[in-house]
Amino acid sequence: MKRAFGLIAAFLVCAVLCGCDFSIKSADSLMRAPELPGDYALLQKAFAASVDTSFKLKNPVSGDHHSAFVLHDLDGDGNEEALVFYTREDSSTVYVTLMRRQADGSWIDSGVAESPGTDVNSVRFADIGGDAAEEIIVTWSVTDIPANKYLCVYGSGPDGNIFTMATELYDMLYVTDVNGDGVSEVFIALRDTVDDEPLNYFKLLGYSAEYGLVSKISDVSVAPAAESFLAVASDTKGGSVRLFVDESTGNNIYQTEIICWDDGSKRLYIPKTVSDRPLSSFTQRNVKTLCEDIDGDGMIEIPSVVRLPGATRYDPENGVTENLYLNVWYAAEDDKLTDFKRYIDCSGSGYTFDFPESWMNLYTVQYDISKGSLEFYLYNDEDSTRGGLLFSLERETVSDAVDDDDDLDRYPVYSGNEYNYFAIITPAALEQGITAEEIIGHFAPDSDG
Ligand SMILES: [Ca+2]
Ligand SMILES: [Ca+2]
Ligand SMILES: [Ca+2]
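Residues numbered from 1 in each chain as written. Chains lettered and ligands numbered in written order. Predicted model: local features only at pLDDT ≥ 70, side-chain atom pairs only at ≥ 80, totals over all residues.

Caption draft 1: Representation of the overall build of the protein chain within the structure. On a plain count of helices and strands, the protein chain comes out with 5 helices and 27 strands. Counting only residues that meet the buried cut, the protein chain has 33% of its 449 residues in that class. (Helix = DSSP H or I, 4+ residues; strand = E, 2+ residues; numbered from the N terminus. Buried ≥ 20, exposed ≤ 12 C-beta atoms within 10 Å, placed from the backbone.)

Next up, the structure:
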């Protein structure tokens, strides 16, 4: 009897599902949605019943959530709420319905909001309103106009419904507490191409208790516009938040725009040098390296490259000699960038070599990529010529290692799994005060060396 009842129940579920007027496509989407624990089937049924027409689920295409059903505890009561993204019948408008679970385990439709887009990009959660309940940040794109990307901030009110707190165009967004009041804001980077001279436009959105909405706190712009934004990082210096926006300016050139919060005037600003240039103009590089906190002290460093006068990168196999650039990590000060680390990237040869700023225009180098060696020379800044050899940094495979106990000019630098590195130091280097210890101090093997 029990078994028969089970079969009947299964038939009834089928009948209920088939009875609903949703398309085969939506049924497919429902079935393909990742299996979620617990009462997911109840949620699906309750949602389908609440829509009262055919619908098609829309899965977010990026971000942390990939199902059209997004479960998250918005109000922190220990019970997950559900967001469902979908289109109805023949319209491309995407809706988001908020479903809440009742004490008896059933789900009810708690409200619906419209979107400005036709595709869901990503869904994330943050307390923007400062009431401990989290807001929903959804990014949208428009199929026909891919450049039009929107973000919406949705709140859920005391009566449980869902409502739109902000709709903004954006290219990249970043959520953090910028103004230091303990509540997150939404920071937006946007390419503004409406005017003759396109701008990079940066905007801070925060909660306005007066209107119960999320609106503009401050904005700032700078020209020329980037071609695209890559990433945002932030740190806090002197009590004020700084935002580092990595961008592509086109032609494989990348740079970092720095935007700071001024706590006195409660505004964003773009720090400039004493000669009124934005700091970004000193961060241009031909490698797609992003800002990061390279030493883990909580402060962001900015990557760049600088030409080392007289320095070459020599590829004997192809007979090519190119200019050699130093890789630089800068720290941002108020109106300038200061060297944090400046080095020769010989990662193709298993190491990097720090090149102190005080060596600039005094010494230069040739990197032989086939031998993996660096030869350091004196450099005459006035007539841009290379002088005598100071020292060389060379390597040999471990299996070819020679007994070097008798070679007084040969100083071991590092022994790796594959290669031994050593320095040959001339009297000219010693005259310059360059010692084996200093050379060893500048050498850093790759992490897998
Ligand atoms: Ca909840
Ligand atoms: Ca804040
Ligand atoms: Ca750091």
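Back to the text.
Caption draft 2: The sheet that holds strand β13 (residues 213-222), seen in detail. Reading across from one edge, β10-β11-β12-β13 is the order of the 4 strands in this open sheet, with antiparallel pairing throughout. In the strand order of this sheet, the two ends are held by β10 (172-176) and β13, each with one partner. Direction aside, the axes of adjacent strands within the sheet are offset by 20 degrees on average. Examined bridge by bridge, strand β12 (residues 199-208) and β13 share 9 bridges and lie antiparallel to one another. The partner of L205 across the bridge, within β13, is K216. (Pairing = 2+ DSSP bridges. Axes fitted to C-alpha atoms, helices over the stretch in contact; angles between N-to-C directions.)

Caption draft 3: Spatial organisation of the pairing of strand β14 (residues 228-237). With 9 bridges connecting them, β14 and strand β15 (residues 240-250) associate as antiparallel partners. Residue pairing for β15: S234 is matched across the bridge by L243. Linking β14 to β15, which pair antiparallel, is a turn of 2 residues; within it G238 sits at a positive phi near 60 degrees.

Caption draft 4: Looking closely at the confidence of the model for the protein chain. In the predicted model, the protein chain carries a mean pLDDT of 88, and the fraction of residues at 70 or more is 89%. Contacts of residues 1-32 to residues separated by more than four positions or lying in other chains number 21 contacts, the stretch itself having pLDDT below 50. (pLDDT = per-residue confidence, 0-100. Contact = placed C-beta atoms within 7 Å.)

Caption draft 5: Expanded view of the environment of D73. Mapping D73 onto the fold places it in the loop between β2 (69-72) and β3 (81-88). For D73, a count of 13 C-beta atoms within 10 Å corresponds to the partly exposed category. Each C-alpha atom, one on D73 and one on A133, is 8.9 Å from the other, the two residues being 60 residues apart in sequence. Among residues more than four places away in sequence, those in contact with D73 are G78, N79, E80 and E81.

Caption draft 6: Broad picture of the sheet that holds strand β16 (residues 253-262). With respect to topology, 4 strands assemble into an open sheet ordered β14-β15-β16-β17, the strand pairing being antiparallel. Lying at the two open borders of the sheet, with one neighbouring strand each, are β14 and β17 (267-269). Averaged over neighbouring strand pairs, the angle between their axes works out to 25 degrees when direction is ignored. Taken together, the 8 bridges between β15 and β16 define a ladder with antiparallel strand orientation. Bridge assignment links R242 to a residue of β16, and that residue is C260.

Caption draft 7: Region of the structure containing the environment of D345. With respect to the secondary-structure elements, D345 resides in strand β20 (residues 337-346). A count of 17 C-beta atoms within 10 Å places D345 in the partly exposed class. Each C-alpha atom, one on D345 and one on V328, is 9.9 Å from the other, the two residues being 17 residues apart in sequence. In contact with D345, other than residues within four places in its own chain, are N327 and T352.

Caption draft 8: Spotlight on unusual backbone geometry. Residue A223 is joined to P224 through a cis peptide bond whose omega torsion reads -5 degrees. Locating P224 in the fold gives a position in the loop between β13 and β14. The phi torsion at D52 lies on the positive side, around 55 degrees, for a residue other than glycine. You can see D52 is positioned in the loop between α3 (40-51) and β1 (55-57). When the 12 C-beta atoms within 10 Å are taken as the criterion, D52 is described as exposed. Positive phi, close to 55 degrees, is recorded for K266, a residue that is not glycine. With respect to the element layout, K266 can be found in the loop between β16 and β17. Given 11 C-beta atoms within 10 Å, K266 falls into the exposed group.

Caption draft 9: Molecular detail of α3. Across its 12 residues, α3 extends 17 Å between first and last C-alpha, which sits within 8% of the 16 Å expected from 1.5 Å per residue. All of the buried residues along α3 are L43, Q44, A46, F47, A48 and V51. Two residues or fewer after α3 comes D52, characterised by a positive phi angle close to 55 degrees. (Expected span 1.5 Å × (residues − 1).)

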